[in-house]
Amino acid sequence: MTEHVATNETILVVGGGISGMTAALEAAETGKNVVLVEKNPALGGRTSQLYRYFPKLCHPTCGLEINLRRLKGNPRVRVVTLAEVTGIEGSTGNYTASIKVKPRYVNESCTACGDCGRAVETMVDDPFNYNLGQHKAAFLPNAMAYPQRYVLDPAIIGTADADRAKAACKYGAIDLDMKEETIQVKAGAVVWATGWQPYDAAKIQPYGYGRFKNVITSVEFERLADIHGPTGGKILRPSDGKEAKNIAFIQCAGSRDENHLRHCSRICCMASLKQTHYVREKYPEDGKSTIYYIDIRAIDRFEDFYQKVQADPSVSFIKSKVAKVTEDEHGNPVCHGVDTEGYKRYTTPHDLVVLAVGMEPSVKGINIPGHIVADSSGFIEADPANGAVFGAGCASNALDVNRAVQSATAAALRAIQVVNKVAKAEA
Amino acid sequence: MSANTALAEKYRNNFLKEIEEQVEMGDWVKMCMQCGVCSGSCPTNFQSAWEHPPQELFMMIRAGKREEVLTTTSMWNCTSCYNCIVRCPRKLPITHIMHGIAEYAHRIGKAPKMQATRFFSGLFWKNATKTGRVNELKLSMGLYFKDGFAQGVKNGMAMQSVALGLVKAGRLNVMELFGGHKCKDQKGIQAMLKKAYEIERSRKAAKMAG
Amino acid sequence: MADIKVAAYICKGCGLGERLDADALVKIAQKDGKVPLAKSHEFLCNADGVAMIKNDIANEGVTHIMIGACSRRAKTEAFFFPENAVARANLREGVIWIRPDTDEARETTQEMAEDYIRMGCAEVKAMTAPGGNTNTGTSKTLLVVGGGVTGMTTAIEASKTGYPVVLVEKTGALGGWAAKLYKRVPVHEPFKSPADTGVGDLVAQVLGDSNIKLYLNATVAKTDGAPGRFIVDIATESGATHTEDIGAIVQASGFTLYDMNKLPELGGGKSPNVVDQAGLEALAKAAAAGDGVIRRPSDNQPVKSVVFVQCAGQRDPSGTHLAYCSGVCCNTSIKQAMYFKDANPSVDTTIIYTDLRTPGNGEDFYRSAQEKGVIFTKGKVAQVVPNGATSTVKFHDLILDDTDAAVADVDLVVLATGQVANSGIDIFAAPKTEEEEAAVEVKPISILNLTYRQGKDVPQLKQGFTDSHFICFPYETRRTGIYTAGPVRRPMDIAQAREDATGAALKAIQALENAELGRAAHPRSGDLSFPKVRLEGCTQCKRCTVECPFGAIDEDEKRFPVFNESRCRRCGTCMGACPVRVISFENYSVNTVGAQIKAVDIPDEFSEKPRILILACENDAYPALDMAGMSRNEYSAYVRIIPIRCLGSVNTIWITDALNAGYDGVMLMGCKSGDEYQCHFVKGSELGRVRMSKIDDTLKTLNLESERVRDLEVAITDIERVPEMINKYAAELVAVGPSPFKGF
């Protein structure tokens, strides 16, 4: 939160999701200075866009609140948002990173009072809600946003709307002259925690994502269930706003498939099992979930959770990779395929189809600045050739939150080892 | 085969090995992970067409169900649309495996004799290789009368209007029934086919020898 | 107590100036809050406002600051005064944003703001800025218990970071489970074949590191003290005891394979040719040492066929065997099947599974096994029948739906049994009767032998594992400065254990560093306050020592509590539990909250303005209330909200004080408790609830209705539900009628 000067005893953490925040905080709470770089205007990453976690069904924002409080009270972490690392030069113990910082058009004087948002008329897609809804072009990224500061969408810069926003702000917080800049940050070690992105479901052509409105992805479904989401927490289907009570979950949408992602994304089975709970929660009387799967990968102690869902009469399991989805005359998506346990064909209409999309690294190995060794899916491997650039969380593997945090904690120690060595050499 | 040996072979790799050795692309069978997308994507997706869909056949092969696999009509239903190949997450060449199993079943005399596709294929091959040209009239008649004279007449009657239409349009010559047209070098065709059979035999022998 | 000077600052920004009478608030601060310095400012969080406060600190001798502006969760950078006691009156999210901007509402809204100013002034006066704990230890040495891959990795990583390590291993050699393996599952591209275990390299690193002190054939006989100042007795085989000063501990005691003899229906213990995964590793090692051929144990004949039975004694919902999946056995069986196939492709290898679980790049490993000819059959094994040198495996083929499927004449059957954590004594297990005690075959032996009042080992979470219950915080054990890592924490493979070990090393290092500085560990990391106890008033009731969720409090020989500050997480459960209220924190005490409760102006019973006290968990309920404000979800102007560290810290005196003062009702908002608890102090909300369940007696003695106190479970997402609950409760209280205590 302060502007400490980065040196080669500083740890640069790239990515402000749960892995990056963890790495930054764990290092800072061990007494190290950290620069935390986040691409979006607020920290929190993809987990902050989830409604609940498996297997506890608790809310990710609860952990985020704790992490933000840790951050607010810790002067050792310097947070840079709207920023992307474009280059890393140097070697272990002595790196210089180039960081491109996009203009926010709002400075530190912002009190998040919301006057600019009320003054602006333009609506833009809301990426926090995976563009399922829109928000004003002067906006607070989300209710938990840190920094708790508004952002102006570049689309309104140079328009009357921007002037309206500026005029509405009593605190001189809006600065329309901000420009993109590139800053250089020194660091002894780098933790690369840029996380994951959902596999582009439109590439799985037979499932009709992008053609049928009522075929959505698992991450979008999280937003539908969330009170902060576009429907205020109601599970309504996109085509007609009808309550979606009979929901199909299609597993391995992209994962375990040589035509798409070779690897298993690990989290999707548990995520769908969890999402059946949302259906039950919102429609206790007549909610119905069907999971189409190849293998249910409720790994280790998550088995409990699977057994509980199995015991729920509102959830059925069909061992089958769905062959295709069509749409009937009522706009219902229809799943076609074969239940391979005993060969039964099905043609089943649902209110909504949720594709359990796979996880791929947000920044693929080959696109990480510096020569980073990665596996064929683009996840960073632990390799001495990477020097003091350490992969953490889902940049290093398809991981659930718990394992991502564990990985980030380990990465923080590896980074500390490097800067401790630098400190010792300099002492 | 005694009951004991039958049991002993179940779920052992004997039949799988036989398929791997004898069937074109048969060594892909082991790669199936039973997701069922092949069975579901098949456009001939009516239960009756496929007594055992592809992924189930693969499991049956692994389970050593030799008789059931080789005598089923299932794989004969494949229309080579390649949907299954496109969709298979393990990239199994399912279409080719289906044809391979069918061909093998036929080769060792296990294939159901009167299965329509098999019958048609045989008819077509004979018809085409005899003169080097396909005699469509003979081919249709052969197929219509597959299940006996009475059924043949019935089939013919059912297609009457189509046939008349074709005759009118000059697309069907009734005289074809007596002889019909040939290619210019009928002997050359036969020699070519003979050579092809030889190559095929030596390739298979080589494969068997490992 | 040193001289204090309190200043109150009222912000007029963000609409506060328009919606509220700021001058009146300043006067309230002076008159009711009795602060010598009270000011309002147009825009308090900007550079000018902050400079004004800093100037007052520097030149006016201000020590205590009351800020009447936005929520304590907002503008934390601006209002960052770590040297001072600071209270925040939440006038924005907590008042003007949850009230309608109407003329009718103006009066009650102003009253709300005035009360928050009174409360803020009262609170800050009762606080002192935490001065830090002096009872700290300075040991920088890590104790690692267990010399397997996890323990060795922890030791090596800690040493690399510059910390000395004491490594204690029960057996005569390092390596643990991994040393028994022939090979491991691959962790690098192309993920196709078993890889070297790497154990030899780790052992060499440990042995070659002068920073790591190794005790073999040794166990921990006694662990006394607290982070930064543990004193650990290490008993060696010779009978000698060595005492080490330790800063923090990593327990890496690993796992034991589930005993296959408990699975006679799967042939466990019935034939030498039915082995578990460890048995197969031994056969593979023996083969590698010889001609490379894995042989049948009964007659040394080469194995021509092998069947792997997945989930043997696992994923069992009946409760007889393990209920969980161990997560590693699918990959292990694949690896073991490759031992056969790589040596001789003609060996029949079949893996019978129900769900094949090979996450991440394990999928490539699975694929590679298929390429090598390993056959995967989805089925449920019912029975393994050994018959002479071979066995028949009977199973239900789930694809062909054949309940009578079987593989006969199998040379070797491998049962994939699961991992059972070596977690020592279950300190919270219900006490056993003598008969039950006698029936237990193997009595658990303590791993750490803690001298803690609450028991000898780290509490277990579920199914014997000592895992954290928190998804976001996998390293949260309930014993500060003691971290568990590897399969004792959760079932895991070598790759994950090594990551886990590295993470645990960091947490342990962090714990000992923070212990020296007197700073709290998660979740109040960095907090310098710590519990102080006035022993003169203590009645030795032991509630604090029993209830502390972190086992921080021991008892001396006279049964007085002994606080170990560096074990403390600052949740305040002890403070809530104490019936004589002798426990407090500098910045959070019975008084800081009590003074706020008393500061509220209670209108008389004829005004028809009830007052409801809300004690809200600062981590979940309070942010939910804040975000309700941000969403402009209105709620009653009659509530007065006080954030609390945890429901566990709520002392019943607050409730009785409030009711005596004439509040009409009290709402307690805490996190979910029970098995799926969400309380970040583990048992805090549960203990708080147990305490509050007895409040009925108090209400009876006061002759009050039970509706006057409401205990509620609130999550951070309840931004709509919380206002609804408040409004509903306010309406219900109207029906109950005003408190009879008003005006006394």
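Analysis parameters
Residues numbered from 1 in each chain as written. Chains lettered and ligands numbered in written order. Predicted model: local features only at pLDDT ≥ 70, side-chain atom pairs only at ≥ 80, totals over all residues. Heavy atoms only, no water. Core = buried A, V, L, I, M, F, W, Y, C linked by side-chain atoms within 4.5 Å. Buried < 20%, exposed > 50% of the residue type's maximum accessible area, 1.4 Å probe, protein only. Helix = DSSP H or I, 4+ residues; strand = E, 2+ residues; numbered from the N terminus. Contact = heavy atoms within 4.5 Å. Buried area = accessible area lost by both parts, 1.4 Å probe. Salt bridge = Lys/Arg side-chain N within 4 Å of Asp/Glu carboxyl O. Polar contact = N/O pair within 3.5 Å; in protein donor to acceptor, adjacent residues only side chain to side chain. Nonpolar A, V, L, I, M, F, W, Y, C, P; charged D, E, K, R; others polar. Pairing = 2+ DSSP bridges. Right-handed = clockwise from strand over helix to strand, strands pointing away. Domains from an automatic or database assignment. pLDDT = per-residue confidence, 0-100. Expected span 1.5 Å × (residues − 1). Axes fitted to C-alpha atoms, helices over the stretch in contact; angles between N-to-C directions.

## Considerations on the nonpolar core
Next up, step 1: In terms of nonpolar packing, the biggest core is built from 244 residues, with W192(A), L91(C), I117(C), L615(C), W654(C), I655(C) and M669(C) touching the most fellow members.
Next up, step 2: Ranked by the residues each element gives to this core, the list is headed by helix 8 (residues 401-426) of chain A, at 10 residues.
Next up, step 3: Residue contacts for M669(C): discarding those within four places in its chain leaves I614(C), L615(C), A616(C), C617(C), A621(C), L625(C), L647(C), L712(C), V714(C), V722(C) and I726(C).
Next up, step 4: Among the nonpolar cores identified, the runner-up in size contains 61 residues, and V338(A), A49(B), L92(B) and V384(C) belong to it.

## Description of the interface of chain C and chain A
Next up, step 1: Contacts between the two partners involve 92 residues from chain C and, on the opposite side, 82 residues from chain A.
Next up, step 2: Interface area, chain C with chain A, both sides summed: about 7600 Å², of which 51% is carbon and sulfur.
Next up, step 3: Of all residues in chain C, I471(C), R490(C) and L506(C) give up the largest surface area on contact with chain A, accounting jointly for 9% of the area buried on that side.
Next up, step 4: Taken together, chain C and chain A are joined by 13 salt bridges.
Next up, step 5: Notably, a salt bridge pairs E26(A) with K507(C), separated by 2.9 Å at the nearest N-O pair.
Next up, step 6: In this assembly, chain C and chain A are joined by 50 residue pairs in polar contact (both at pLDDT 80 or more).
Next up, step 7: Residue assignment for the side of chain C that touches chain A shows that the elements contributing at least two residues are helix 6 (149-161), helix 10 (362-371), helix 12 (494-517) and helix 16 (621-630) of chain C.
Next up, step 8: If one sorts the elements of the side of chain C that touches chain A by residue count, helix 12 of chain C sits on top with 11 residues.
Next up, step 9: Looking at side-chain class alone, the side of chain C that touches chain A contains 38 nonpolar, 24 polar and 30 charged residues.

## A short note on the interface of chain C and chain B
Next up, step 1: The partner chain B presents 21 residues to the 26 residues of chain C that form the contact.
Next up, step 2: The contact between chain C and chain B buries some 2000 Å² in all, and 52% of this surface belongs to carbon and sulfur atoms.
Next up, step 3: Summed over the shared surface of chain C and chain B, the result is four salt bridges.
Next up, step 4: A salt bridge links D348(C) to R12(B), with the nearest nitrogen and oxygen atoms 3.0 Å apart.
Next up, step 5: Put simply, chain C and chain B have 13 residue pairs in polar contact (both at pLDDT 80 or more) between them.
Next up, step 6: Contributions of two or more residues to the side of chain C that touches chain B are made by strand 15 (348-353), helix 10, strand 16 (375-387), strand 17 (390-397) and strand 18 (402-410) of chain C.
Next up, step 7: With seven residues, strand 18 of chain C is the largest single contributor of residues to the side of chain C that touches chain B.
Next up, step 8: Broken down by class, the residue content of the side of chain C that touches chain B amounts to 11 nonpolar, seven polar and eight charged.

## Some thoughts on the pairing of strand 5 (residues 142-145) of chain C
All names here are of chain C.
Next up, step 1: Side chains L142 and V144 project from strand 5 onto one buried face, and the interleaved L143 and V145 project onto a second face that is buried too.
Next up, step 2: For strand 5 and strand 6 (residues 165-168), the ladder comprises four bridges, and the chain directions are parallel. Bridge pairing in strand 6 links L143 to V166.
Next up, step 3: For the crossover from strand 5 across helix 6 to strand 6, the handedness is right-handed.
Next up, step 4: Relative to strand 11 (residues 248-251), strand 5 runs parallel, the two sharing four bridges. Bridge pairing in strand 11 places L143 opposite I249.

## Regarding the environment of A248(A)
All names here are of chain A.
Next up, step 1: One can find A248 in strand 14 (residues 246-253).
Next up, step 2: Each C-alpha atom of the pair A248 and M21 lies 34 Å from the other, and the pair is 227 residues apart in sequence.
Next up, step 3: Excluding residues that lie within four positions of it along the chain, A248 makes contacts with T290, Y292, C335, H350, L352, V353 and V354.

## Structural notes on the domain arrangement of chain B
All names here are of chain B.
Next up, step 1: One can read the domain layout of chain B as domain 1 (3-107) and domain 2 (116-208).
Next up, step 2: Between domain 1 and domain 2, the C-alpha centre-to-centre distance is 28 Å.
Next up, step 3: Every contact between the two is made by nine residues of domain 1 and, on the other side, six residues of domain 2.
Next up, step 4: Carbon and sulfur atoms supply 46% of the area buried between domain 1 and domain 2, which totals about 630 Å² over both sides.
Next up, step 5: Counting the contacts that link domain 1 with domain 2 gives two residue pairs in polar contact (both at pLDDT 80 or more).
Next up, step 6: For the side of domain 1 that touches domain 2, the secondary structure elements donating two or more residues are helix 2 (14-22) and helix 7 (94-107).
Next up, step 7: Here the side of domain 1 that touches domain 2 is built from residues that sort into two nonpolar, two polar and five charged.

## Topic: the confidence of the model for chain C
Next up, step 1: Averaged over every residue, the pLDDT of chain C is 95; residues scoring 70 or more account for 99%.
Next up, step 2: On the interface metric, ipTM, the complex scores 0.96, and its pTM is 0.95.

## Quick word on helix 8 (residues 277-289) of chain C
Residues and elements named next belong to chain C.
Next up, step 1: The end-to-end C-alpha separation of helix 8 is 18 Å, in line with the 18 Å expected for 13 residues at 1.5 Å each.
Next up, step 2: Here helix 8 has its buried residues at Q277, G279, L280, E281, L283, A284 and A287.
Next up, step 3: Close packing links the buried residues of helix 8 with strand 12 (255-257), strand 13 (274-276), helix 9 (329-343) and strand 19 (412-415).

## A closer look at the sheet that holds strand 19 (residues 344-349) of chain A
All names here are of chain A.
Next up, step 1: The antiparallel open sheet is built from three strands, whose spatial order is 17-18-19. Unpaired on one side and paired on the other, strand 17 (324-327) and strand 19 mark the two borders of the sheet. Pairs of neighbouring strands in the sheet enclose a mean axial angle of 20 degrees, with direction left out of account.
Next up, step 2: When strand 18 (residues 333-339) meets strand 19, the two strands line up antiparallel, connected through six bridges. In the sheet register, V338 faces strand 19, and the bridge partner there is R345.

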